[in-house]
Amino acid sequence: MGRWDAEPVKGLDPMHIITPLLYPNRCDNEAYISEKIDLTNINRYLEEKNASLEKENGDVFKYTIFHLIVTAILKTVRLRPKLNRFIANNRIYQRHDVTAAFVVKKKFSDSSDEALAVLKGEGSDTIDSIHEKIRKQVYSCRSDVLDDSTKAMDIVSKLPFFIVRFVVWICRILDRYGKVPKAVIKSDPFYCTAVLSNLGSIKLRSGYHHLTNWGTNSLFVVIGEKSTRPAFKEDGTYEMREFVDLGITVDERIADGYYYSKSVKIIKKLLENPWLLDRPLDETID
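Residues numbered from 1 in each chain as written. Predicted model: local features only at pLDDT ≥ 70, side-chain atom pairs only at ≥ 80, totals over all residues. Heavy atoms only, no water.

**Quick look at the nonpolar core**
Among the nonpolar cores identified, the biggest contains 53 residues, and Val 70, Ile 73, Leu 196 and Leu 271 are the most heavily contacted of them. Ranked by residues supplied to this core, first place goes to helix H3 (residues 65-79) with nine residues. The contact partners of Ile 73, leaving out residues within four places of it in the chain, are Ala 194, Leu 196, Leu 219, Val 221 and Ile 267. (Core = buried A, V, L, I, M, F, W, Y, C linked by side-chain atoms within 4.5 Å. Buried < 20%, exposed > 50% of the residue type's maximum accessible area, 1.4 Å probe, protein only. Helix = DSSP H or I, 4+ residues; strand = E, 2+ residues; numbered from the N terminus. Contact = heavy atoms within 4.5 Å.)

Structural data, given as structure tokens:
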């Protein structure tokens, strides 16, 4: 049965044909990678970007570390296509689009609702167009309008519980075959390439976050709080610098450790040299 969001990967080696059959669940095959990012260049870059914005438009939607990380993830995925694969119904698929999802808190309070934001990374996008896409998503999410996935859950949750269980059971079957209606899941983060959780915005450290067996998401990125730490030089001396930690969870059935290691190094290079993000996502880097 075909899917609307991806195509089966052809020409795989025997191991990647058999592995999804032996290990069918995404949550049982997670690999966690931790990486720290030096913010020296990022802070200078953001200061330049935001000074330009303020000069032209006054106090507007500022560039932040989060915007850079979203752009770096999208660029890395476009340059490293295996990161845009997932396993469903024991087969490896290549996703058609490169997408990033994140949760927007309407207000910073215990009782505030959350909204789901999803954006698509095109090959011609740069940090500026991604920043604009995030701005539109955030303002939309902070309005009173519900996203489609939340609307669907709101409708189903009000039904009698036995009907809710039946609907969810049907959805899980449809999910396995890629037949959940697009209108229901188009804003579901777990049907996206990458899900990002910005824990730094609520003053928490980075850490591990699991994948889910629902949906197709096989790349989860947690962003921690900024902190000042010693940066050691080759001669043993050090200076204090600002860093942020990333926690990256991947499905280890999709690619080997070398592929993931090189991909994480690309993310780190992009973030520690943020001027590279002024170039289109599909433009290669050294």
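From this point, the discussion proceeds with the structure in view.
**A closer look at the packing of aromatic side chains**
As enumerated under the stated definition, the model contains eight aromatic pairs in all. Where Phe 86 meets Tyr 93, the ring centres are 5.6 Å apart and the plane angle is 15 degrees; that geometry is what we call stacked. Like Tyr 93, Phe 86 is buried. For the pair Tyr 191 and Trp 214, a centre-to-centre distance of 5.8 Å together with 85 degrees between the ring planes defines the contact as edge-to-face. Here the residue Tyr 191 occupies a position in the loop between helix H7 (182-185) and strand E7 (194-198), and Trp 214 occupies one in the loop between E7 and strand E8 (219-223), the gap between them amounting to 23 residues. The ring of Tyr 93 carries Arg 3 above its face, with NZ or CZ at 5.5 Å from the centroid. Positioned over the ring face of Phe 243 is Lys 36, at 4.8 Å from the centre of the ring. (Phe/Tyr/Trp six-rings, centres within 6.5 Å; stacked < 30°, edge-to-face > 60°. Lys NZ or Arg CZ within 6 Å of the ring centre and 35° of its normal.)

**Some details on the packing of H3 against helix H4 (residues 127-141)**
When two helices pack together, their arrangement is given by the angle between the helix axes and by the axis-to-axis distance. Contact pair H3 / H4: the axes reach a minimum separation of 10 Å and the direction vectors enclose 115 degrees. Handedness of the H3/H4 crossing: right-handed. Counted together, His 67, Leu 68, Val 70, Thr 71 and Leu 74 of H3 and Ile 127, Ile 130, His 131 and Ile 134 of H4 form the full contact between these two elements. (Axes fitted to C-alpha atoms, helices over the stretch in contact; angles between N-to-C directions. Left-handed = near helix turned anticlockwise from the far one by under 90°.)

**A word on the pairing of strand E4 (residues 91-95)**
Here strand E1 (residues 6-8) pairs with E4 via three bridges, running antiparallel. Across the sheet, residue Ala 6 finds its bridge partner in E4, namely Arg 95. Bridge analysis of strand E3 (residues 85-88) against E4 gives four bridges, and the strand direction is antiparallel. Paired with Phe 86 across the two strands is Tyr 93, which belongs to E4. Here E3 hands over to E4 after two residues, with Asn 89 in that stretch at a positive phi of 50 degrees. (Pairing = 2+ DSSP bridges.)

**Topic: the state of the cysteines**
Applying the stated criterion to the full structure yields zero disulfides. Summary of cysteine pairing: Cys 171 is not part of a disulfide, and the nearest cysteine sulfur, belonging to Cys 192, is at 17 Å. Since its relative accessible area comes to 23%, Cys 171 is described here as partly exposed. Its relative accessible area of 3% is what places Cys 192 among the buried residues. (Disulfide = S-S within 2.5 Å.)

**Considerations on the side chain of Asp 175**
Within the secondary structure layout, Asp 175 lies in helix H6 (residues 161-176). For the buried Asp 175, no salt bridge exists, and the shortest N-O distance to an oppositely charged side chain is 5.7 Å, to Arg 3. (Lys, Arg positive; Asp, Glu negative; His and termini not counted. Salt bridge = Lys/Arg side-chain N within 4 Å of Asp/Glu carboxyl O.)

**Quick look at the packing of H3 against helix H8 (residues 257-272)**
Running from N to C, H3 and H8 point in directions that differ by 140 degrees, and their axes come no closer than 9 Å. Between H3 and H8, the angle falls in the class oblique. Here H3 and H8 pass one another in a crossing that is right-handed. Note on element contacts: H8 touches H3 through Ser 263, Ile 266, Ile 267, Leu 270 and Leu 271, opposite Leu 68, Ile 69, Ala 72, Ile 73, Lys 75 and Thr 76. Across the contact of H3 with H8, the residue classes tally to eight nonpolar, two polar and one charged. (Parallel < 35°, antiparallel > 145°, perpendicular 65-115°, else oblique. Nonpolar A, V, L, I, M, F, W, Y, C, P; charged D, E, K, R; others polar.)

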